[in-house]
Amino acid sequence: EPEVTQTPSHQVTQMGQEVILRCVPISNHLYFYWYRQILGQKVEFLVSFYNNEISEKSEIFDDQFSVERPDGSNFTLKIRSTKLEDSAMYFCASSEVRDRPYEQYFGPGTRLTVT
Amino acid sequence: GQNIDQPTEMTATEGAIVQINCTYQTSGFNGLFWYQQHAGEAPTFLSYNVLDGLEEKGRFSSFLSRSKGYSYLLLKELQMKDSASYLCAVLPSNTGKLIFGQGTTLQVKP
C-alpha cells in the first residue's frame, strides 16, 4: 500500500537555527499538508499546498515558516529560525482530491526538538 | 468558531464494547473522520462519515448525526492493541484542512 514518508524521524536543533523537514507524498496525490502536534496537545493544521502554491495557512504559519515542492516528489517544510515552542511532532499528509472528502494519509512524523 | 469536543480518557475491558463520542461546531461540514493514534506515531485513518447513519468496518463502526453535530466511534471485541488515542476530525466546507479534537485516550484492561 502506498504511504507518505518523512525524514528525518527525529531532529534536534538549537534555538535560532534553520531546519528543513522533508516529506514524500503518495505519488498520485495532488494536495499536501503539514500539521503539527505539540506533546499532549491536539493535532493542528499548519498549511496546505496545491499546484505549487499555498492554498491555506493557519495563524501558526507565520513568516518563519515556508513550504516548497522542489521536485516532483519531495515536499518540504522550512522553519527559518527555530524557537523553543516549535518543538513538536510534525506530520506531513497528502490527499488525492480536496473538494471530495477523501481521507488524508499521514506520514510517520518528524519529532523536532529545539534546545 | 470551530470546536470539537470529545472525552479526554476512557477505560474499557478486553472483549467489551466501547463508544467514544464527539460533538462538533464548524463553519460548514464536508465530512467527519476518525483516526487512531498510538503514542508517538502518526494518526491512521479509521472511518469517514458524510451522511447521517452508521458506517461499519469490521470491529469498528462510526455514526453521524449532522443535525445534532454528533458522531461516535464504536469499538467491539476490544483488544489490548486498541489502547490508543482516538481523534475525531472534521472537514469544514471549502477547505482541505482537518480540524481535530483533543483526542480520547482509550485504555483497554485485561
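Parameters at a glance
Residues numbered from 1 in each chain as written. Chains lettered and ligands numbered in written order. Predicted model: local features only at pLDDT ≥ 70, side-chain atom pairs only at ≥ 80, totals over all residues. Heavy atoms only, no water. Salt bridge = Lys/Arg side-chain N within 4 Å of Asp/Glu carboxyl O. Buried < 20%, exposed > 50% of the residue type's maximum accessible area, 1.4 Å probe, protein only. Helix = DSSP H or I, 4+ residues; strand = E, 2+ residues; numbered from the N terminus. Pairing = 2+ DSSP bridges. Axes fitted to C-alpha atoms, helices over the stretch in contact; angles between N-to-C directions.

Draft legend 1. Representation of the pattern of salt bridges in the model. Applying the stated criterion to the full structure yields 4 salt bridges over all chains. Its salt-bridge partner being R36(A), residue E44(A) comes within 3.2 Å of it at the nearest N-O pair. E44(A) gets classed as partly exposed once you look at its relative accessible area, which sits at 23%. A salt bridge links K76(B) to E56(B); its shortest N-O distance comes to 3.6 Å. Of this pair, K76(B) sits in the loop between β8 (70–75) and β9 (84–90) while E56(B) sits in strand β6 (residues 53–57); the two residues are 20 residues apart in sequence, bridging distant segments of the chain.

Draft legend 2. Main features of the sheet that holds β6(B). All names here are of chain B. Taking strand neighbours across the sheet as the criterion, the 5 strands line up as β1-β3-β8-β7-β6 in an open arrangement whose pairing is antiparallel. Of all strands in the sheet, those bounded by a partner on one side alone are β1 (3–5) and β6. Going from strand to strand, the sheet's axes swing by 15° on average, the running direction of each strand aside. The pairing of β6 with strand β7 (residues 60–65) spans 5 bridges and is antiparallel. In the strand pairing of β7, E56 is matched with S61.

Draft legend 3. Spatial organisation of the pairing of β8(B). All names here are of chain B. Judged by how many residues are buried, β8 sits mostly within the fold: 5 of 6 residues are covered. Summarising the sheet, strand β3 (residues 18–25) and β8 pair through 6 bridges and their orientation is antiparallel. By the bridge assignment, I20 is partnered in β8 with L73. Pairing geometry for β7 and β8, over 6 bridges, is antiparallel. Bridge pairing in β8 places F60 opposite L75. In textbook terms, the turn of a hairpin is the stretch between consecutive antiparallel strands, and for β7 and β8 this stretch comprises 4 residues, one of which, G69, has a positive phi near 60°.

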